[in-house]
Amino acid sequence: MSSILKIALVGNPNTGKSTLFNLLTGMNQKIGNFPGITVDKKVGYCKLTPGQQAEITDLPGTYSLYPKSKDEAVVFQVLANKRNSSHPDMIVVVADATNLRRNLLLYSQVADLNVPVILALNMTDMAVKEGININVDKLSAKLGVQVVPISARSNKGLKELKQAIANITPIATQEKGADMKVLAGKAIEDVKALVGTDNDYYALQLLHQHEHLDFYTDKYEEFETIERNNHFESSKLQAAETIARYKHLSTILSDVIEDKGVEKKFVMSDRIDAILTHRFWGFFIFLFILLFVFNAIFSWAAYPMDLIEASFAWLTSFGHEHLPPGVLTDLVLDGVVAGLGGIVIFIPQIAILFAFISILEDTGYMARVTFMMDKIMRKFGLSGRSVVPMIGSLACAVPSIMSARTIESWKDRIITIMVAPLVSCSARLPVYTLLISLIIPNEKVLGLISLQALTLMAMYMISIIAAMVVAFVMKFIIKAKEKSYFIMELPVYRMPRWKNVLYTMYEKSKTFVLEAGKVIIAISIVLWVLASYGPSDKFQAIEKKYAQIELQQDNTKIITLERDKSAEKLENSYAGILGHTIEPAIRPLGFDWKIGIALITSFAAREAFVGTMATIYSVDGGVDNEGTIRDKMRVAVDANTGLPLFTFATGFSLMLFYAFAMQCMSTVAVVYRETKSWKWPLIQTAYMTVMAYVASLIAYQILK
């Protein structure tokens, strides 16, 4: 074994494997890709003893070594290929103690690869509550490996697991599982001779998976020949293997598990499910929960948002009063500070949104939502597995598109990728809440529900309905013969881990500020320069014009002199010229040239809209530059009509544009990476832009 022990965490989905990974590695983690494969590779480092360190790789969750998706295919690739950089010295199989028999199927397959193994029995505290007693010592003796009971959620058994890992021997000690030679003895012997191995199960797996393995491509024809000569039928043999393994496991577990609570085990979960996943009321409960979340986003975040907004307004005013006037002061205050203020103000709402998402996931309710949505999704041409990426898009489309790898059907996967960005993500939240605060009164319906919260919920529902409609259309356009299915184990209900909820709030808020902040600062600096400078002849003419006005000593004009001068300079700046260039195209949507500038900068990131408007209106304000971004936008006037610019028609039109338009370079990049073609991101950008324009046009023309 190497000086740093390489460990792979393997387990079924929902066994707490990733929780254990986080406990072992803490903050000492990094995420990349497995070599040559666009599948996330989570690697972390753990100190086992004062002189021993381990590199831990969290492999994707899978129910068996036979893959049904790109993520699951990685598991055998890593465990079987000794030349793979992630190939482990030992494996920790994480099993759910409340459902041990099913979990041991994967363990028995992994153990037969003859790599040193430790079995970590997770959720042992829950097993005890459900009346399940596991004789750990007897199980360890029968399997021939160390078995360590743990509870990752409660941080129990971690010390014992580390000690077991530190004591592991480089020689595999596990007992052999079911005899695989009875399934395809001659074929196994032929493969063993071909690749030079003495491991029966390794040879059998190569026969099953050789066409997907990059480390035996040179022997593809030989594998095919062995299959033909031995009449090797992969699907039938996989089924036969599963039956044989379960028979063998029954003998292993016969006197190891005592289940006293078999009749009461899932009674409480079933009773809760009867209400929350009811065929009719389940959807209304889900809508009520969403409404509660959106109401909290507006109500609970109001005070901290007002405080942050007032703080940035004070900072800008204080800076202009006490810093020496000049280009640098204007750049910092009207460019960087104004842009950042437009993002930082939304931290309370982002934190609340992700807190609720974390609670819903931790309790097990989010899994029920995917279950309820399965039948509906299928009617619109989406797989049941599409539910997870779609719901995940409420946070961010980028990881959601990557999670679509678990969808077996190519057609379902492509459709999911194409419509996922339509679901309103957290980057749209600042745009929605800013515009809603301008066009919707802060009133209560029935004295309880905020009218602004109802509007926000409506925007999210519009985006979800749009995604479903587009998916339905694509079902007929994209052709494929594959059939998909959705199998998901519903976890039992649990109390949320409040420490995890707080950590999620902190991490997501920090990521939002840092990721958006980098973009906003860059855009704000460039935008301030473009908005503060323009063609010299035009700027000289403006200076001359206002110098003459000042000489006339007209008190009325003197009062508004600086403001009017700044406004005219902005209109004739490089940013103004750019905005006026595209204004004819966006005027039918109710947008002026200033909004046009924000639309352009938003293609870097949607949330850049807020920072852009903050910078534009800061530059536009001249010396009379106090007040918040909402105050400035509320009094903004349409130059053509002299009426308020942000009316209900304009605001709703603008929200629809942001709901549908592809304004996220990161999403375009990840769609290209996942599809390995520019065809799909270009089609996606085109149809979403057209959809946004048409929806905004219709809305404005009707409502104006």
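Residues numbered from 1 in each chain as written. Predicted model: local features only at pLDDT ≥ 70, side-chain atom pairs only at ≥ 80, totals over all residues. Heavy atoms only, no water.

J.: Explain the nonpolar core residue by residue, including any values.
T.: For soluble globular proteins, the rule of thumb is that nonpolar side chains tend to be buried together. The biggest cluster of nonpolar side chains holds 111 residues, and the ones touching the most others in it are Val419, Leu456, Phe609, Met613, Met633, Phe646 and Leu654. Residue contributions to this core peak at 11 residues, all from helix α21 (residues 451–477). Ignoring any residue separated from it by four or fewer positions in sequence, one finds Met633 in contact with Leu434, Leu438, Phe609, Met613, Tyr617 and Phe646. Within the second largest apolar cluster, 60 residues are counted, among which are Tyr66, Ala111, Val136 and Phe215. (Core = buried A, V, L, I, M, F, W, Y, C linked by side-chain atoms within 4.5 Å. Buried < 20%, exposed > 50% of the residue type's maximum accessible area, 1.4 Å probe, protein only. Helix = DSSP H or I, 4+ residues; strand = E, 2+ residues; numbered from the N terminus. Contact = heavy atoms within 4.5 Å.)

J.: Outline helix α9 (residues 220–229), listing residues and values.
T.: All of the buried residues in α9 are Phe223, Glu224, Ile226 and Glu227. The buried residues of α9 occupy an angular sector of 160° when the element is viewed end-on, so they sit on one face. Along α9, exposed side chains directed more than 90 degrees from the buried face belong to Glu221, Arg228 and Asn229. Looking at the buried residues of α9, the elements they touch are α7 (181–195) and α8 (200–209). With its phi angle positive at about 50°, His231 sits one or two positions after the end of α9. (Arc of directions from axis to C-beta.)

J.: If you had to explain unusual backbone geometry to someone new, which residues and values would you point to?
T.: A positive phi angle, close to 70°, is found at Asn114, a residue other than glycine. Its location among the elements puts Asn114 in the loop between α3 (100–111) and β6 (117–122). Despite not being glycine, Asn155 shows a phi value in the positive range, around 60°. Within the secondary structure, Asn155 sits in the loop between β8 (146–149) and α6 (158–166). Given a relative accessible area of 45%, Asn155 falls into the partly exposed group.

J.: Account for helix α16 (residues 365–379), with residues named and values stated.
T.: At Met373, α16 shows its strongest bend, of approximately 45°. Looking only at α16, the buried set comprises Tyr365, Met366, Ala367, Arg368, Val369, Thr370, Met372, Met373, Asp374 and Met377. In the stretch just after α16, Gly381 is the one whose phi turns positive, near 85°. (Bend = angle between axes of the 7 residues up to and from the residue.)

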